[in-house]
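Summary of structural features
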Amino acid sequence: MIKADIIDKELREKLNNVAKDEMAVFVMADGRIRGALFNGTHFINQMKAQHNTGILETYILGQGMLCGALLIPMMKGREKVLWKYEVNGPAKGFMIEADSVGTVHGFLTTDHIPIDKPLENWNMAPFLGDGIITMQRMQENDKQPFSSSVDVHDKNIAMDLATYFSMSQQINTGFSTSIQMDNMGRVIGAGGIFLQVMPETGGTKKIGAEVSSSSDWKDDEELLQRAEMALNAIPSLGGWFAEGNGLDNLINGMFREFKPTIAVRRDITFDCPCNKEHYLKYIKTLPKSEIDSIKNSGEKFIEVQCHNCSSIYKINVDEI
Ligand SMILES: [Zn+2]
């Protein structure tokens, strides 16, 4: 990836007051709930700088990216996930790839979302629509990705992803994302969180012998409700991070009743493994007629743009 600079000086100054990006992975409620909180302010700004997205495009792709980042702590070992969000609204959807090494990249299906009147609120439902979520998971030694899809109807990216987890994985998961913009459309704070309530391990409840005596969370339904209430009560994450706040205060404050412990902290970045050599190699595999037409075009260079990060590579025709 050719890293795009953030050229807006005022934005750079604002970002200096925001804590560095970080994801904290935590467990609570005697291990029955796990989750992760991500300050992705710089991450979303890098995405915006790479793709040069407008306000609406930043908001929609950004929500997908924050959710994509939250998939990383759920991965087992070395793994990549390709998440396709395909909907019938004007935004059409996106494709996002997250890698267990801690990188995320991807793109909106459409470069520009048509809009017929100024945005009145941040409800993205009119731009999304009904559609399908597909997840392709690929572990290090897999020859084929494992793919699963569900229909979505919520017209809300975080809720649609939660539906995917409850339907295809049978795990109750809640996601929440937030992007705070100033009145000029600058992203001054962005973040995401997920909580996952693990099913009680089979059979111990009736026998009783293996149930931890310290557990206050024997009732699945009650635990689920309390987790949902806690997730709904968290402040706007974009606003929280824009004000220079960190992760620990929020986790310890909002989830106090579940006695949270931060297990891991990690860096997640917007990054793409593309490079010039990759595209040169690809062009060399094109049919001979296409290569001939490039060579006979009279141009000294051709430009190739990566979908996933919008990097533009200038390739010397003589190298082909
Ligand atoms: Zn790229």
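About the cut-offs
- Residues numbered from 1 in each chain as written.
- Predicted model: local features only at pLDDT ≥ 70, side-chain atom pairs only at ≥ 80, totals over all residues.
- Pairing = 2+ DSSP bridges.
- Helix = DSSP H or I, 4+ residues; strand = E, 2+ residues; numbered from the N terminus.
- Axes fitted to C-alpha atoms, helices over the stretch in contact; angles between N-to-C directions.
- Contact = placed C-beta atoms within 7 Å.
- Domains from an automatic or database assignment.
- Parallel < 35°, antiparallel > 145°, perpendicular 65-115°, else oblique.
- Left-handed = near helix turned anticlockwise from the far one by under 90°.
- Nonpolar A, V, L, I, M, F, W, Y, C, P; charged D, E, K, R; others polar.
- Expected span 1.5 Å × (residues − 1).
- Buried ≥ 20, exposed ≤ 12 C-beta atoms within 10 Å, placed from the backbone.

**Brief notes about the sheet that holds strand β1 (residues 22-28)**
- Overall, antiparallel pairing links the five strands, which are arranged β8-β9-β2-β1-β10 in an open sheet. Looking along the sheet, the strands with just one partner apiece sit at the ends: β8 (172-181) and β10 (261-266). When strand polarity is set aside, the average angle formed by the axes of neighbouring strands in this sheet is 15°.
- Relative to β10, β1 runs antiparallel, the two being bridged by five bridges. Across the sheet, residue F26 finds its bridge partner in β10, namely I262.
- Packed onto the sheet, helix α6 (residues 220-233) meets β2 (33-39), β8 and β9 (187-197) and runs at close to 175° relative to β9.

**Quick notes on the domain arrangement of the protein chain**
- Each assigned domain of the protein chain is listed with its residue range as follows: domain 1 (9-270) and domain 2 (276-319).
- When each unit is reduced to the centre of its C-alpha atoms, the spacing between domain 1 and domain 2 is 36 Å.
- Every contact between the two is made by seven residues of domain 1 and, on the other side, four residues of domain 2.
- Elements represented by at least two residues in the side of domain 1 that touches domain 2 include exactly α2 (41-51) and β5 (103-108).
- The element best represented in the side of domain 1 that touches domain 2 is β5, accounting for three residues.

**Points about the sheet that holds strand β6 (residues 131-139)**
- The strand order β7-β6-β3-β4-β5-β11 describes an open sheet built from six strands, whose pairing is mixed. Each end of this open sheet is capped by a strand with a single partner; those strands are β7 (146-152) and β11 (269-270).
- Inspection of the sheet shows β6 paired to β7 by seven bridges, in the antiparallel sense. Counterpart to T134 in the pairing with β7 is S149.

**What to know about the packing of α2 against helix α3 (residues 55-71)**
- Close contact between α2 and α3 brings their axes to 10 Å; oriented N to C, the two are set at 130°. Classified by the angle between their axes, α2 and α3 sit oblique to one another. Handedness of the α2/α3 crossing: right-handed. Judged by residue contacts, F43, I44, M47 and K48 of α2 engage T58, L61, G62, M65 and A69 from α3.
- Within the contact of α2 with α3, the residues separate by chemical class into six nonpolar, two polar and one charged.

**What about helix α4 (residues 157-168)?**
- The end-to-end C-alpha distance of α4, which contains twelve residues, comes to 16 Å, matching closely the 16 Å that a straight helix rising 1.5 Å per residue would cover.
- Of the residues making up α4, those classed as buried are I157, A158, D160, L161, A162, Y164 and F165.
- Here the buried face of α4 lies against α3, β3 (79-87), β6, β7 and β8.
- Backbone geometry just downstream of α4 places Q170 in the positive-phi region, at approximately 55°.

**Quick word on the pairing of β3**
- Here β3 runs beside β6; their pairing, made up of nine bridges, is antiparallel. For E79, the partnering residue across the bridge sits in β6 and is Q139.
- Examined bridge by bridge, β3 and strand β4 (residues 93-99) share seven bridges and lie antiparallel to one another. Along β4, the bridge assignment pairs W83 with I96.
- Where β3 folds back onto β4 in an antiparallel hairpin, the turn is made up of five residues, including K92, whose phi is positive at roughly 65°.

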